[in-house]
Amino acid sequence: MSYYHIWTIGCQMNKADSERLATSLDKLGYKATPDIDRADLIVLNSCVVRQSAENRVVARLDLMKALKKSSPDIVLALAGCMVDSYTTGLKRRFPHVDVFLKPGEFTELVELAKTRAPKAARKTSRIHTSPTAFVAIIEGCDNFCSYCIVPYRRGRERSHPVAEIRQQVETLVEQGVKEVTLLGQNVDSYGHDLPEKPDLADLLKELNSIKGLARIRFLTSHPKDMSRKLIEAVASLDKVCEHISLPIQAGDDEILRAMGRGYSVEYFRELVQRIRRAITSVALATDAIVGFPGETADQFQRTFDLLADLKFDTVHVAAYSPRTGTSAATKFKDDVPSSEKKRRLQKVEELQSFVASEINTRLLGQTVEVLVEGKKKGKWFGRTRTDKLVFFEGYGDCLGQLVNIEIKKTSPWSLQGLVKA
Ligand code: SAM
Ligand code: SF4
């Protein structure tokens, strides 16, 4: 038996890529192992969206040096957004890495794995062990927000055909999956590059008819591409969850312009209102960057005030991190001191803890539908259609089931409840 170990950090797209690679390796007869010392094949699926993520990848690569020295037969692969088109620099920096794979491009490794797969290995078909799965529907990004490295590493937008996605989802459902999350860096621009030009609303309608599938989510939506048709589709299709991820990034028009986001604060506010009017009890998540070059105290305050006013269910806040090769890193000085970035980040986090606590408190005493994803510290856990994490006790094996839970306790980050008889 040969073993593989995949280490993944970064966005959901990276997680989806790792899942896909795992499926290919399983089919060759390899077996996954959490134990790195046991693996014949090690893959580090990297992220370089921020310096902090890149540092973690480098630390892991450095750790691998000793392992590779003691067991030179191990195949070590570096995959994901750290790998650009010119790998010469990476090869020089990390000579102990055997294979470099651009984001989502695993063919070279799979071919290599084929030559090493033990002859006696029994070919297995993979069974999805979780009731939820990610499905990439559009690769790459055309937006080139000034701060972001993703378009340089993941290339231009390429949509998968509707029929191919339907087939993939049907296969997952046959394996017990109840919920799929459709992924794209810019998921709501889905289909513009396909011959029939379907859009995300069309795709949602198609997938909504799959028997046995209970829930559909999608992320991440770009505000400028969120159409009325898509909002209506979310409002009317029963399997599509009331949960939209809509990154604002900044609450100041000048900063939004410098970021190259393609919308104004007023447009974003109206969009949020439109979504909230159309979709009852929708949960909204957003991303924000603090300390973008030139961001003054007043400009930050406008972002803070907007977040306080719009009250998102979730806010992912990040301190600006200059990425070599992006236009922001070339054109602007990273002039907000890191202590000030940290202060702004903490202010947003404190605000969000308050807002989320207020939103979640409203769920006290209500009954919510939870798709059970697993067990942690003796308690079952799962998510509501609005993506709230719920823990509950005292029930038989309910993995993968939809269970009604009455909420008894809330916090900004999760809910606790009891099974409603
Ligand atoms: N496509 C999505 C969008 O339009 O926002 C998100 C994808 S991006 C890879 C994920 C998040 O990383 C972004 O929302 C942004 O907040 C953050 N991010 C990207 N580049 C960054 C940078 N240079 N510094 C700090 N945060 C960054
Ligand atoms: Fe990056 Fe902007 Fe594309 Fe999102 S939309 S991946 S932030 S370039």
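All values derive from a computational prediction rather than experimental measurement.

Each value, and the rule that gives it
- Residues numbered from 1 in each chain as written.
- Chains lettered and ligands numbered in written order.
- Predicted model: local features only at pLDDT ≥ 70, side-chain atom pairs only at ≥ 80, totals over all residues.
- Heavy atoms only, no water.
- Near = heavy atom within 4 Å.
- Nonpolar A, V, L, I, M, F, W, Y, C, P; charged D, E, K, R; others polar.
- 1 Å grid on protein atoms, 1.4 Å probe; cavity = no way out; pocket = protein on both sides within 12 Å on 5 of 7 lines; lining within 4 Å.
- Points joined across faces, edges and corners; volume = space filled by probe spheres on them.
- Helix = DSSP H or I, 4+ residues; strand = E, 2+ residues; numbered from the N terminus.
- Domains from an automatic or database assignment.
- Buried < 20%, exposed > 50% of the residue type's maximum accessible area, 1.4 Å probe, protein only.
- Arc of directions from axis to C-beta.
- Contact = heavy atoms within 4.5 Å.
- Polar contact = N/O pair within 3.5 Å; in protein donor to acceptor, adjacent residues only side chain to side chain.
- Pairing = 2+ DSSP bridges.
- Axes fitted to C-alpha atoms, helices over the stretch in contact; angles between N-to-C directions.
- Buried area = accessible area lost by both parts, 1.4 Å probe.
- Salt bridge = Lys/Arg side-chain N within 4 Å of Asp/Glu carboxyl O.
- Areas by Shrake-Rupley, 256 points an atom, 1.4 Å probe, with all protein chains shown as cover.
- Core = buried A, V, L, I, M, F, W, Y, C linked by side-chain atoms within 4.5 Å.

What follows deals with the site of ligand 2. Inspection of the region around ligand 2 gives C141, N143, F144, C145, Y147, C148, V150, P151, Q185, H222 and R261 as its neighbouring residues. Of the residues belonging to the shell around ligand 2, the class tally is seven nonpolar, three polar and one charged.

Turning next to the layout of surface pockets. Considered as a void within the structure, the second largest pocket measures approximately 670 Å³ in volume. E19, R20, T23, K27 and Q168 are the residues nearest the centre of the second largest pocket, which is lined by 26 residues in total. With eight residues, the single largest contributor to the lining of the second largest pocket is helix 1 (residues 12-27). Shared between two domains, the lining of the second largest pocket holds at least three residues of each, these being domain 1 (3-116) and domain 2 (129-241).

Take helix 7 (residues 200-208) next. Every buried residue belonging to helix 7 is among L200, A201, L203, L204, L207 and N208, and all of these are buried. Viewed end-on, helix 7 has its buried residues packed into an arc of 160 degrees, placing them on one side of the element. Summarising the contacts, the buried residues of helix 7 are in contact with helix 6 (162-174), strand 9 (179-183), strand 10 (215-219) and helix 8 (228-236). Between a side-chain oxygen at the N-terminus of helix 7 and the backbone nitrogen of A201 the separation is 3.2 Å; the capping residue is D199.

Our focus in this paragraph is the sheet that holds strand 12 (residues 283-290). Strand order in the open sheet formed by three strands is 11-12-13, with parallel pairing between adjacent strands. The outermost strands of the open sheet, each flanked by one partner alone, are strand 11 (243-245) and strand 13 (314-319). Across the sheet, the mean angle separating the axes of adjacent strands is 15 degrees when strand polarity is ignored. Here strand 11 pairs with strand 12 via three bridges, running parallel. Bridge pairing links H243 to A283 in strand 12.

This part covers the domain arrangement of the protein chain. Segmenting the protein chain into domains produces domain 1 (3-116), domain 2 (129-241), domain 3 (245-361) and domain 4 (367-419). Together domain 2 and domain 3 conceal approximately 1,800 Å² of surface at their shared face, both sides included; 63% is due to carbon and sulfur atoms. The largest contributions to the domain 2 side of the interface with domain 3 come from S146, Y147 and P223, which together make up 40% of the buried area. At the boundary of domain 2 and domain 3, one finds zero salt bridges. For the pair domain 2 and domain 3, the interface holds eight residue pairs in polar contact (both at pLDDT 80 or more). Among the elements that line the side of domain 2 that touches domain 3, the one with the most residues is helix 8, at four residues. For the side of domain 2 that touches domain 3, the residue count by class is eleven nonpolar, four polar and two charged.

This next bit is on the site of ligand 1. Close to ligand 1 lie 16 residues, the nearest being Y147, Q185, Q249, D287 and S321. Here a nitrogen atom of ligand 1 and a side-chain polar atom of R50 are 3.3 Å apart. Y147 places a main-chain nitrogen or oxygen 3.0 Å from a nitrogen atom of ligand 1. For ligand 1, whose unbound accessible area comes to 560 Å², protein coverage reaches 90%. Contributions of two or more residues to the shell around ligand 1 are made by strand 12 and strand 13. The class makeup of the residues in the shell around ligand 1 is eight nonpolar, four polar and four charged.

Another aspect to go through is the nonpolar core. Within the largest apolar cluster, 69 residues are counted, with the highest numbers of intra-cluster contacts made by I137, L182, L200, F218 and I275. When residues of this core are assigned to domains, at least three fall in each of domain 2 (129-241) and domain 3 (245-361). When neighbours within four sequence positions are excluded, F218 is seen to be in contact with T181, L182, V187, L200, L204, L230, V234, V240 and I244. Core analysis: the next-biggest nonpolar cluster, separate from the first, contains 25 residues, L44, C47, V58 and I149 among them.

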